[in-house]
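What follows is each chain in one-letter form.
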Amino acid sequence: MKKIFFAALILAFNQCNTVENQGKRTSGDVTSTSIPKPAVIPYTVVNIYPHDTAAFSQGLEFYKGELLESTGLYGKSTLRKVDVSTGKLLKNNPLDEKYFGEGITILHDTLYQLTWQEHEILIYNPETFQLIRKMKWNYDGWGITNDGTSLYMTDGSDKIYVVRPYDLKLLKIISVSDNIGPLNNLNELEYINGSIYANRLEYDYIVQINPANGFVTGTINLKDVLQQYSKIDLSYIKTNPNGAVLNGIAWNPSTKKMFVTGKLWPILIELQLQP
């Protein structure tokens, strides 16, 4: 009887422990022994540039050597062109107050800007910011990039939606996982040399994703870079619960450098990724 009692007690303890641990991940997360642990991607900080502390950054993109940025918040969302070296605005296009601006990408000289919960994609001439049209999208808009042919979009889950640019027909869904399980909170995206790089909302690293299978192959650790490289008092961010979040990835194809920033950050960081 004692053996049966203790066996039942151990089983109950293990079940409780399993439930508790599951609560720390989203439902359905499982350890995957088939996915290797992501490699740490080394980098060098090349330059630090000023960034508008009022910019609630949602997307970054280089186009013909110039930096474009999308910012969020209702009543404050914009599409803008920024002078990298000074952080000054060269062009600013405020969005209608009903829109919360999200990620941007440029494909075939057409600029796509996501909106958060409005389920609309705003399409512009990237030179003039003239609005060309709007397209309906069935999911929340978070991040967007492209591979030269198709658009890749996130909605805050572990999914990346691959669609045709001219009619948004869904071509496939990439489910993203690392060696622990599905990776949710996928946000801003950038497609670089055959890999997808993604911010994870409220995490201080960027993940590198293999688009063929959704496996996370590497991580760029950006923990404490804001505190390390900022030369101004950051107390203003602490008063904003949505501030300080790492968000914004841009790849400059002419210099082969990555640029990153965050919501309300005072700096834009230029990185040289190491092979």
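Refer to the preceding data block for the structure.
The structure contained in this document is the topic of the report that follows. (Residues numbered from 1 in each chain as written. Predicted model: local features only at pLDDT ≥ 70, side-chain atom pairs only at ≥ 80, totals over all residues. Heavy atoms only, no water.)

## A few points about the overall build of the chain
Okay, so step 1: A count of helical and extended segments in the chain gives three helices and 21 strands.
Okay, so step 2: A burial count over the chain gives 51% of its 275 residues as buried. (Helix = DSSP H or I, 4+ residues; strand = E, 2+ residues; numbered from the N terminus. Buried < 20%, exposed > 50% of the residue type's maximum accessible area, 1.4 Å probe, protein only.)

## A short note on the pattern of salt bridges
Okay, so step 1: Evaluated as defined, the whole model comprises six salt bridges.
Okay, so step 2: Notably, a salt bridge pairs Lys136 with Glu120, separated by 3.3 Å at the nearest N-O pair. Placement of the pair is Lys136 in strand S10 (residues 131-136) and Glu120 in strand S9 (residues 120-124), with a sequence separation of 16 residues.
Okay, so step 3: Overall, Glu120 belongs to the buried group, its relative accessible area being 13%.
Okay, so step 4: Note that Asp158 and Lys159 form a salt bridge whose closest N and O atoms lie 3.0 Å from each other. (Salt bridge = Lys/Arg side-chain N within 4 Å of Asp/Glu carboxyl O.)

## Remarks on the sheet that holds strand S16 (residues 195-200)
Okay, so step 1: A sheet is described by the order of its strands in space; here five strands give the open sequence S1-S18-S17-S16-S15, paired in mixed fashion. Across the chains shown, the open sheet's two edge strands, defined by having one partner strand only, are strand S1 (39-40) and strand S15 (186-192).
Okay, so step 2: Here five bridges tie strand S17 (residues 205-209) to strand S18 (residues 216-221), and the two strands are oriented antiparallel to one another. For Ile206, the partnering residue across the bridge sits in S18 and is Ile220. (Pairing = 2+ DSSP bridges.)

## Some thoughts on the packing of aromatic side chains
Okay, so step 1: Summed over the entire model, instances satisfying the criterion amount to 11 aromatic pairs.
Okay, so step 2: In this arrangement the basic side chain of Lys91 is found over the ring face of Phe129, its NZ or CZ atom lying 5.9 Å from the centre.
Okay, so step 3: Across the ring face of Tyr203, the terminal group of Arg200 is positioned such that the distance to the ring centre comes to 4.0 Å. (Phe/Tyr/Trp six-rings, centres within 6.5 Å; stacked < 30°, edge-to-face > 60°. Lys NZ or Arg CZ within 6 Å of the ring centre and 35° of its normal.)

## Some details on the environment of Asn199
Okay, so step 1: Within the element layout of this structure, Asn199 appears in strand S16.
Okay, so step 2: Put simply, Asn199 and Ile220 are 21 residues apart on the chain and 9.8 Å apart in space, counted from C-alpha to C-alpha.
Okay, so step 3: Here Asn199 is in contact with Asn185, Leu186, Asn187, Glu188, Tyr205, Ile206, Leu246, Asn247, Gly248 and Ile249, once residues within four sequence places are set aside. (Contact = heavy atoms within 4.5 Å.)

## Describing the pairing of S9
Every regular strand shows the same layout, with side chains that alternate between the two sheet faces.
Okay, so step 1: For S9, the tally of buried residues reaches five of five residues, placing the bulk of the element in the interior.
Okay, so step 2: For strand S8 (residues 110-115) and S9, the ladder comprises four bridges, and the chain directions are antiparallel. Looking across to S9, one finds that Leu111 is bridged to Tyr124.
Okay, so step 3: Linking two consecutive strands that pair antiparallel, namely S8 and S9, is a turn of four residues; a positive phi of about 55° is found at His119 within it.

## So, the nonpolar core
The nonpolar side chains of a soluble globular protein tend to be buried, and buried together.
Okay, so step 1: Residues Tyr197, Ile206, Ile220, Leu222 and Met258 are the most contacted members of the largest nonpolar core, which totals 20 residues.
Okay, so step 2: With four residues, strand S21 (residues 267-273) is the single largest residue contributor to this core.
Okay, so step 3: Once residues within four sequence positions are removed from consideration, Ile206 is found in contact with Tyr197, Ala198, Asn199, Gly218, Thr219, Ile220, Leu222, Leu246, Ile249, Met258 and Val260.
Okay, so step 4: If you look at the next biggest cluster of nonpolar residues, it comprises 14 residues, including Tyr152, Leu186, Leu189 and Ile209. (Core = buried A, V, L, I, M, F, W, Y, C linked by side-chain atoms within 4.5 Å.)

## Points about the environment of Trp251
Okay, so step 1: Within the element layout of this structure, Trp251 appears in strand S19 (residues 246-252).
Okay, so step 2: Taking relative accessible area as the criterion, Trp251 reaches 13% and is therefore assigned buried.
Okay, so step 3: C-alpha of Trp251 to C-alpha of Leu271: the two residues are 20 residues apart in sequence and 9.6 Å apart in space.
Okay, so step 4: Excluding residues within four positions of it along the chain, Trp251 makes contact with Phe62, Glu190, Ile192, Asn193, Lys256, Lys257 and Met258.

## Observations concerning the pairing of strand S7 (residues 101-107)
Okay, so step 1: Most of S7 is tucked away, with seven of its seven residues classed as buried.
Okay, so step 2: Where S7 folds back onto S8 in an antiparallel hairpin, the turn is made up of two residues, including His108, whose phi is positive at roughly 55°.

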